[in-house]
Amino acid sequence: MIDETSGRTTRDGIRIYQDGDYAGMHKAGAVAAQILDEVTEHVFVGQTTGAIDDFIRKRVEELGTTSATIGYKGYQHASCISVNHVVCHGIPSDKKLKDGDILNIDVTVILDGWFGDTSRMYVAGKLSRKTERLMQVTHDALMKGIEAVKPGNTFGDIGHAIQSYVESHRMSVVRDFCGHGLGRVFHAPPNVLHYGRAGSGPVLEEGMFFTIEPMVNLGRPETKVLADEWTAVTRDKSLSAQFEHSVGVTADGVDIFTLSPAGKFHPTYG
C-alpha cells in the first residue's frame, strides 16, 4: 500500500500519490469525459471549431470546474481542436468543418485542485475507410499502452507496446509530443513517450498518475509548429489522429480516470 503520510517523489522526479488521491482524479476525469460526451452532437458539417469551443467553455463553468488551458502560457481557449493533418494544439476558429473532416478535441479541467485531461476523435459527416482505419489503430494503440501499465513494468514498455502496434499497421508514431505526469499540476514528470524499447525508462510504481496520448500519422512521423506557436501539423500533410486517457498505477494494474460515462470514447461506439 501507499504510505499515506509520504507523498514522496522518485529519483526520476515522479510524484507518488496517496490512496485517497485516486478519488479526486476520478471526479476531475469524469467531468472532462462528460464534456467530451456532450460535445458529440455539436460536431457536424458546417459547424465551426470556435462554436465547439464556446460550448465546451460554457459546460466547464456550468459543471463547477475551471479550464486548465485558458490562460495557460497565453492560450485563450477551453479546448484544443485539431483537424485532419493537425497533430495537436489546434486553435479553435471560425473555420467550418467539411464533410469527412476528422478532429481531435482535447479538454482539461480542474476540480478541487485535481486535473482531468482527456481527448478523443470525432468526425464531421461521413467517415472514409482510410480515416476510420487510422482512428481505430490509434484508439487500439492507446489501449495497448494502457495494458502495459502495472507495477514493475517500465515507461519503455508503454511506448514499445504503442509503437510496435502502430508500425505493424504501417503507420507512424509522432515523436515530438508525449504524455505527461499530472495530478495537482497540469504537466509534471515523467514524459510518457509513445515509442521506445521494452524494459527501458523509469519503473512504474503504484501511485503514479500520468496521461497516455499517442498521436498517429498515416504518413511519416515528423511534425512542425506553425507561426502561431501552438498548432502542430504533419510535415507531409498526412492525416493524424490521437486519443488520450489519464491513468493511475494501482497495486496490480491500472485505473483509467477519464472513461466516457456514455461509452462514446470511440466515435463509432455507443
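Scroll up a little and you will see the structure.
The structure reproduced in this document is the subject of the present report. (Residues numbered from 1 in each chain as written. Predicted model: local features only at pLDDT ≥ 70, side-chain atom pairs only at ≥ 80, totals over all residues. Heavy atoms only, no water.)

## Some thoughts on the pattern of salt bridges
Applied cut-off: Any Lys or Arg side-chain nitrogen found within 4 Å of a carboxyl oxygen on Asp or Glu counts as a salt bridge. Strands here are runs of E lasting at least two residues and helices are runs of H or I lasting at least four, both read from the DSSP assignment and numbered beginning at the N terminus. Each residue gets one of three labels from its accessible area relative to the maximum for its type: buried under 20%, exposed over 50%, partly exposed in between, using a 1.4 Å probe on protein chains only.
By the definition in use, this model includes eight salt bridges. The salt bridge partner of aspartate 37 is arginine 120, with a shortest N-O separation of 2.6 Å. Note that aspartate 37 is positioned in helix H1 (residues 21-38) and arginine 120 in strand S5 (residues 114-123), a separation of 83 residues in sequence. A salt bridge links arginine 59 to glutamate 38, with the shortest nitrogen-to-oxygen separation between them at 2.6 Å. Here arginine 59 is found in helix H2 (residues 49-62), whereas its partner glutamate 38 is found in helix H1, with 21 residues between them in sequence. The class for arginine 59 is buried, based on a relative accessible area of 15%. Here glutamate 38 falls in the partly exposed class, since its relative accessible area comes to 22%. Salt bridges sharing common partners tie together Glu38, Lys58, Arg59 and Glu62.

## Description of the side chain of aspartate 37
To keep things clear, this is the line we draw: We call two N or O atoms a polar contact when they sit within 3.5 Å, provided that within protein one can donate a hydrogen and the other can accept it, with sequence-adjacent residues counted only if both atoms are side-chain atoms. In this description, contact between two residues means that some pair of their heavy atoms is separated by no more than 4.5 Å.
You can call aspartate 37 buried: its relative accessible area is 7%. At 2.6 Å, the side chain of aspartate 37 forms a polar contact with the side chain of serine 260. Here alanine 262 takes part through its backbone nitrogen, which lies 2.9 Å from a polar atom of the side chain of aspartate 37. Among all residues touching aspartate 37, those that are not within four sequence positions of it are Arg120, Ser260, Pro261, Ala262 and Lys264.

## With respect to H2
To keep it simple, the criterion reads: Helix span is expected to be 1.5 Å times the residue number reduced by one.
Across its 14 residues, H2 extends 20 Å between first and last C-alpha, which sits within 8% of the 20 Å expected from 1.5 Å per residue. Thr49, Gly50, Ile52, Asp53, Phe55, Ile56, Arg59 and Val60 are the residues of H2 that are buried. Where the residues of H2 are buried, they touch H1, strand S1 (66-67), strand S2 (80-83) and strand S4 (102-111). Phi turns positive one or two residues past the end of H2, at glycine 64, with a value near 75°.

## Quick word on the sheet that holds strand S11 (residues 223-225)
Worth spelling out the cut-off: Only when DSSP finds a minimum of two bridges between them are two strands counted as paired. Under this scheme, a helix contributes an axis fitted over its contacting stretch, all axes are lines through C-alpha atoms, and angles between N-to-C directions fall in the 0 to 180 degree range.
Pairing is antiparallel across the open sheet formed by three strands, whose spatial order is S3-S12-S11. Where the open sheet ends on each side, the last strands, each with one partner, are strand S3 (86-88) and S11. The average angle at which neighbouring strand axes cross in this sheet is 40°, direction not considered. One ladder, built from two bridges, connects S3 with strand S12 (residues 232-234); its direction is antiparallel. Opposite cysteine 88, over in S12, you have alanine 232 as the bridge partner.

## Some details on unusual backbone geometry
The linkage connecting proline 189 with the following residue, proline 190, adopts the cis geometry, with an omega of 5°. Here proline 190 is to be found in strand S8 (residues 188-192). Residue lysine 73 is not a glycine yet carries a positive backbone phi of 50°. With respect to the element layout, lysine 73 can be found in the loop between S1 and S2. Owing to a relative accessible area of 66%, lysine 73 belongs among the exposed residues under this scheme. Phi at aspartate 112 takes a positive value of approximately 55°, unusual for a residue other than glycine. With respect to the helices and strands, the residue aspartate 112 is situated in the loop between S4 and S5.

## A word on the layout of surface pockets
One way to see where empty space is left: roll a probe the size of a water molecule over the atoms. Defined as follows: Definitions used for this entry: grid spacing 1 Å over protein atoms alone; cavity, a set of points where a 1.4 Å probe fits but cannot get out; pocket, an open set with protein on both sides within 12 Å along at least 5 of 7 lines; lining residue, one with an atom within 4 Å of a point. Grid points are joined across faces, edges and corners, and a volume is the space filled by probe spheres set on the points. Nonpolar residues are Ala, Val, Leu, Ile, Met, Phe, Trp, Tyr, Cys and Pro. Charged residues are Asp, Glu, Lys and Arg, and all others, Gly as well, are polar.
The computed volume of the largest pocket comes to approximately 490 Å³. If you go around the largest pocket, you meet 23 residues; those closest to its centre are Tyr72, His89, His180, Phe186 and His187. Contributing elements (two or more residues each) for the lining of the largest pocket: S4, strand S7 (179-181) and S8. Broken down by class, the residue content of the lining of the largest pocket amounts to 10 nonpolar, eight polar and five charged. What the second largest pocket holds in volume is close to 290 Å³. Of the residues assigned to the lining of the second largest pocket, the class counts are five nonpolar, six polar and four charged.

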